[in-house]
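Here's the letter readout for the chains.
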Amino acid sequence: KAGVTQTPRYLIKTRGQQVTLSCSPISGHRSVSWYQQTPGQGLQFLFEYFSETQRNKGNFPGRFSGRQFSNSRSEMNVSTLELGDSALYLCASSLADSPRSYEQYFGPGTRLTVT
Amino acid sequence: AQSVTQLDSQVPVFEEAPVELRCNYSSSVSVYLFWYVQYPNQGLQLLLKYLSGSTLVKGINGFEAEFNKSQTSFHLRKPSVHISDTAEYFCAVRANSGNTPLVFGKGTRLSVIA
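Remember, predicted model here, so these are calculated numbers, not experimental data. (Residues numbered from 1 in each chain as written. Chains lettered and ligands numbered in written order. Predicted model: local features only at pLDDT ≥ 70, side-chain atom pairs only at ≥ 80, totals over all residues. Heavy atoms only, no water.)

If you look at the biggest cluster of nonpolar residues, it comprises 28 residues, and the most contacted ones within it are Leu33(B), Trp35(B), Leu47(B), Leu48(B), Phe74(B), Leu76(B) and Tyr89(B). Not counting the four nearest positions on each side in its chain, Tyr89(B) is found in contact with Gln6(B), Leu21(B), Trp35(B), Tyr36(B), Val37(B), Leu47(B), Phe63(B), Leu76(B), Gly107(B), Thr108(B) and Leu110(B). Residues Leu11(A), Val19(A), Leu81(A) and Val114(A) belong to the second largest nonpolar core, which totals 21 residues. (Core = buried A, V, L, I, M, F, W, Y, C linked by side-chain atoms within 4.5 Å. Buried < 20%, exposed > 50% of the residue type's maximum accessible area, 1.4 Å probe, protein only. Contact = heavy atoms within 4.5 Å.)

Shown next as structure tokens:
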């Protein structure tokens, strides 16, 4: 099976701009979770989508949003970028149709740099 | 809610020496526990998981971990490390019921010295 793919891998944006990141989960996985990874804060949970519905949400401002399509592919959007949004954004997919099937498989991440 | 504390931010160890990376968790309900590894410029890879059953869990690359419910710990061990084990290691926890998200520790940087 192909793994989780994320596009683009690297991105440079300017403060105030918006950005959209994409994640394609492993075939058959219906859950996609997004994380922000920074040296200071570590891995922070952004949100999880399951069958096109947001199932969980982390403690991030409304500038961070996401969605999931019927083919389970997911996008996250960050509007009005700030310097502090510079981070590695990781996507993970899982079956997640029962608590025991929650094992997450991670993509390589998108490195976002805001200047 | 669950939380994870990785007690060491950095662990240097000589090649072929044993290593233990410590992880403690907090939860008011029963949990599932995971260890992930992240190599430079890559995503996270699952090393091992504890769902139920035997408290000693064996994973990939010769790693193992022991679930200790009374001490709320899930320490990761390897009897003999290699240079290639140099990476960031993350402990994670989630409740074993419901749909709560995975909660990660801050990570432990393992540096293997030749």
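On to the pairing of strand E11 (residues 110–114) of chain A. Residues and elements named next belong to chain A. Side chains of E11 alternate between two faces, with Thr110, Leu112 and Val114 buried and Arg111 and Thr113 left unburied. Two strands pair when backbone bridges link them, and strand E2 (residues 10–13) and E11 are joined in this way by four bridges, in the parallel orientation. For Leu11, the partnering residue across the bridge sits in E11 and is Leu112. Where strand E9 (residues 87–94) and E11 come together, three bridges link them in antiparallel fashion. (Helix = DSSP H or I, 4+ residues; strand = E, 2+ residues; numbered from the N terminus. Pairing = 2+ DSSP bridges.)

Here Thr7(A) and Pro8(A) are connected by a cis peptide whose omega angle stands at -10°. The residue Pro8(A) is located in the loop between strand E1 (5–7) and E2 in this model. Of note in this structure, Ser72(A) is not a glycine but carries a positive phi near 75°. Within the secondary structure, Ser72(A) sits in the loop between strand E7 (64–68) and strand E8 (74–78). Backbone geometry places Asn41(B), a non-glycine residue, at a positive phi of 60°. When you line up the elements, Asn41(B) lands in the loop between strand E5 (31–38) and strand E6 (44–50). Its relative accessible area of 61% is what places Asn41(B) among the exposed residues.

Tallying each qualifying case throughout the model produces 13 aromatic pairs over all chains. Centre to centre, the rings of Phe60(A) and Phe64(A) are 5.1 Å apart; their planes meet at 65°, and the pair counts as edge-to-face. The burial state of Phe60(A) is the same as that of Phe64(A); both residues are buried. For the ring pair Phe63(B) and Tyr89(B), a centre distance of 5.5 Å and an interplane angle of 45° mean the geometry is tilted. Highlighted residues: Phe63(B) in the loop between strand E7 (56–58) and strand E8 (64–68) and Tyr89(B) in strand E10 (residues 87–95), separated in sequence by 26 residues. Overall, Phe63(B) belongs to the buried group, its relative accessible area being 3%. (Phe/Tyr/Trp six-rings, centres within 6.5 Å; stacked < 30°, edge-to-face > 60°.)

Moving on to the pattern of salt bridges. Oppositely charged side chains can form a pair if their charged atoms are brought close together. Counting across every chain of the model gives eleven salt bridges over all chains. What you see here is one network of salt bridges that share partners, running through Arg63(A), Glu82(A) and Asp85(A). (Salt bridge = Lys/Arg side-chain N within 4 Å of Asp/Glu carboxyl O.)

Here we come to the layout of surface pockets. For the largest pocket, the calculated volume is near 360 Å³. Along its surface, the largest pocket is lined by 18 residues, and Gln37(A), Thr38(A), Pro39(A), Gln38(B) and Glu88(B) are the ones closest to its centre. Among the secondary structure elements, those contributing two or more residues to the lining of the largest pocket are strand E4 (31–38) of chain A together with E10 of chain B. Of the residues that constitute the lining of the largest pocket, the class distribution is five nonpolar, nine polar and four charged. Lining the second largest pocket are 13 residues, and of these Tyr25(B), Ser30(B), Val31(B), Phe67(B) and Lys69(B) lie nearest its centre. Along the lines of polarity and charge, the residues of the lining of the second largest pocket split into six nonpolar, six polar and one charged. (1 Å grid on protein atoms, 1.4 Å probe; cavity = no way out; pocket = protein on both sides within 12 Å on 5 of 7 lines; lining within 4 Å. Points joined across faces, edges and corners; volume = space filled by probe spheres on them. Nonpolar A, V, L, I, M, F, W, Y, C, P; charged D, E, K, R; others polar.)

So, about the interface of chain A and chain B. With 20 residues of chain A in contact, the opposing surface of chain B contributes 23 residues. Summed over both partners, the interface of chain A with chain B buries about 1,800 Å², with 53% contributed by carbon and sulfur atoms. Linking chain A with chain B are one salt bridge. Taken together, chain A and chain B are joined by four residue pairs in polar contact (both at pLDDT 80 or more). Counting only elements with at least two residues in the side of chain A that touches chain B, the list comes to E4, strand E5 (42–50), strand E6 (53–57) and E9 of chain A. (Buried area = accessible area lost by both parts, 1.4 Å probe. Polar contact = N/O pair within 3.5 Å; in protein donor to acceptor, adjacent residues only side chain to side chain.)

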